[in-house]
Every structure is written in C-alpha cells, then in structure tokens.
Amino acid sequence: MKKNNAEFRWEHISYKCLIRTLIRNLWMIVAAALVCALAASLLITWTYKPQYQASMTYVVNSRGRVSSTGNLTSTREVASVMEELLTDNMIYDGIRESDPRLEDFEGTITATQVPETNFINVSATSNTPESAFLAINALMQVFPETAKHINERNVLNVVRNPFVTETPVNPTNVEKISLVM
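Throughout what follows, the structure given in this document is the object of discussion. Because the structure is a prediction, the values reported are computed rather than measured. (Residues numbered from 1 in each chain as written. Predicted model: local features only at pLDDT ≥ 70, side-chain atom pairs only at ≥ 80, totals over all residues. Heavy atoms only, no water.)

1. Side note on the overall build of the protein chain
Note the following rule: Every helix listed is a DSSP run of H or I at least four residues long, and every strand listed is a run of E at least two residues long, numbered separately from the N terminus. Between buried and exposed lies partly exposed: a residue is buried under 20% and exposed over 50% of the maximum accessible area for its type, with that area taken using a 1.4 Å probe on protein chains only. Two residues form a contact once any of their heavy atoms are found within 4.5 Å. Using a 1.4 Å probe, the Shrake-Rupley method yields the accessible areas, and only the shown protein chains count as cover for residues.
Counting secondary structure elements, the protein chain contains six helices and four strands. Going from the N terminus to the C terminus, the protein chain shows its helices and strands as α-α-β-α-α-β-β-α-β-α. Split into buried and exposed, the 181 residues of the protein chain put 30% on the buried side. By sequence separation, contacts in the protein chain at least 24 residues apart represent 76% of the contacts at least 6 residues apart. For the protein chain, the accessible area works out to roughly 12,600 Å², and carbon and sulfur atoms hold 59% of it.

Below, the structure written as structure tokens:
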C-alpha cells in the first residue's frame, strides 16, 4: 500500500475560487463579527463598575506659624503618617461610624504629597459619587483627632474643600472595545 503524502501548498489554491467563496459567504463573516462585538459589549456592560473620586487638599504648617510655606520635611513626615494611617482599619471604622450612609463603605482613600510643596492631596474613591464625597468629609472630621496624637508639631489646614467628580474616573468606551474585539 502506498501512503498518501498530500502536503499543503499555496500553489494548489485557486485565488479566484477563494475570493468568490469569501464574497459569497461575506454575510456570515459580518454576522460573526457583529455577534462577537455584541458579546463583548454585553460583557463589558455587565462587569463595568464605575468609580467616582472626591478629593481635597491640605496645607501643612508648623504649629504657631501663619505662613503657608511650611517645612518640606515636616510635610513628608505628615504625608507618610497620613498614608500609614489610611491603611489602618481604625480610620475606615471611624469613617463608617460617622455617617449611617457609610456603613458599607468599601472604597479607598489615599494621600499623596504634591512634590516640593507643603500640600497633601487626599482622595476617596468609591462606587457612587455620594459615598466618595461623604467619605472625604468624614475623613476631614476623623483624621485631625487621630493625627494630633501622632504629630503635635504640625497643623493641617484645608486649602481646597472637598469636591467630587461627576463622571467616573475609570471611563469605558464600549463601542471602541467592541470594535477592537
């Protein structure tokens, strides 16, 4: 018996026949692409969770000074203490207890020093703009009481009052993602 050693070669393909078959079945290709785009769109819509952010800015001054040009070392120290405290559950528990609407707050709060200044930006991110705004306001009440026991040489003053974004900070473009998929 003879073995059939049929090997694929491009020379054996009729390009005219291939193009005719593709054109004849173009509706199936378009339908398959539309089904994939619809599936991607539905998946993104079902899994997308918008995040809203509220933020405010503190200025760090040495106790007894009126000037807003505080010591950068003190600001770094306060920012690091603030970052450390914001990873502790005690602050989050205080925030949850401060307002009944924040009992199930699952957002995050971060603090970062504006480079080479004595400003600290604090932001709260949550699933709703209301809870993000309430959390940042609650932090404004809870944090000074906690921080005054840790760093007594500096004073935190609010320079920019809390504000919240009206649009999500993690936008999604369903149409663009559907086209790419």
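Let's pick the thread back up.
2. Looking at the pattern of salt bridges
Rules: Salt bridges, as used here, are contacts in which a Lys or Arg side-chain nitrogen is within 4 Å of a carboxyl oxygen on Asp or Glu.
Tallied over the full model, the rule gives three salt bridges. Salt-bridge contacts for Asp93 lead to Arg96; the nearest nitrogen and oxygen are separated by 3.6 Å. Of this pair, Asp93 and Arg96 both sit in helix 4 (residues 89-98), three residues apart, roughly one helical turn. When the shortest N-O distance is used, the salt bridge between Arg101 and Asp99 registers 3.0 Å. Residue classification places Asp99 among the buried positions, given a relative accessible area of 13%.

3. Re unusual backbone geometry
The backbone phi angle of Glu116 is positive, close to 60°, even though this residue is not glycine. Inspection of the secondary structure puts Glu116 in the loop between strand 2 (108-113) and strand 3 (119-126). Taking the relative accessible area as the measure of exposure, Glu116 reaches 61% and is therefore exposed.

4. Digging into a nonpolar patch on the surface
Filter applied, for reference: Within the patch definition used here, like charges are joined within 9 Å and nonpolar side chains (Val, Leu, Ile, Met, Phe, Trp, Tyr) within 5 Å, considering only residues with over 30% relative accessible area and no salt bridge.
Residues Phe8, Trp10, Tyr15, Leu18, Ile19, Leu22, Ile23, Leu26, Ile29, Val30 and Leu34 make up a contiguous nonpolar surface patch of about 1,200 Å² in total accessible area. Counting residues per element, the ones that place at least two in the nonpolar patch are helix 1 (15-24) and helix 2 (26-47). Considering each element in turn, the nonpolar patch owes the most residues, five residues, to helix 1. Looking at the secondary structure, you find Leu34 in helix 2.

5. Here we look at the side chain of Asp99
For clarity, the cut-off: Each polar contact in these results corresponds to two N or O atoms within 3.5 Å; when the atoms are within protein, one needs to be able to donate a hydrogen and the other to accept it, and residues that are neighboring in sequence are counted only if both atoms are side-chain atoms.
The topology assignment puts Asp99 in the loop between helix 4 and strand 2. A polar side-chain atom of Asp99 sits 3.0 Å from the main-chain amide nitrogen of Arg101.

6. Looking at the nonpolar core
Rules: By convention a nonpolar core is built from buried Ala, Val, Leu, Ile, Met, Phe, Trp, Tyr and Cys residues, the set being connected through side-chain atoms within 4.5 Å.
Grouped together as the largest cluster of nonpolar side chains are 27 residues, with contacts concentrated most on Met82, Ile91, Ile95, Ile109, Ile120, Val122 and Leu139. The set of elements that each furnish at least two residues to this core consists of strand 1 (52-62), helix 3 (72-86), helix 4, strand 2, strand 3 and helix 5 (129-147). Per-element tally for this core: the top contributor is helix 5, with eight residues. Not counting residues up to four positions away in its chain, the partners in contact with Ile120 are Met56, Thr57, Tyr58, Val60, Thr75, Val78, Ala79, Met82, Ala111, Thr112 and Gln113.

7. Some words on the environment of Glu77
Structurally, the position occupied by Glu77 is in helix 3. Along the sequence, Glu77 and Gln113 sit 36 residues apart, while their C-alpha atoms lie 9.9 Å from each other.

8. Some points on the sheet that holds strand 1
Where we set the bar: Between any two strands, pairing holds if DSSP finds at least two bridges. Axes, fitted as lines to C-alpha atoms, cover a helix only where it is in contact. Angles between the N-to-C directions of the axes lie from 0 to 180 degrees.
The strand order across the open sheet formed by four strands is 2-3-1-4, and the pairing between neighbours is antiparallel. Each edge of the open sheet carries a strand with a single partner, namely strand 2 and strand 4 (154-164). Strand-to-strand twist in this sheet, taken as the mean axis angle between neighbours without regard to direction, amounts to 20°. Here eight bridges tie strand 1 to strand 4, and the two strands are oriented antiparallel to one another. The partner of Ser55 across the bridge, within strand 4, is Phe163. Sitting on the sheet, helix 3 is in contact with strand 1, strand 2, strand 3 and strand 4, with an inclination near 165° to strand 2.

Keep in mind these values describe shape, not function.
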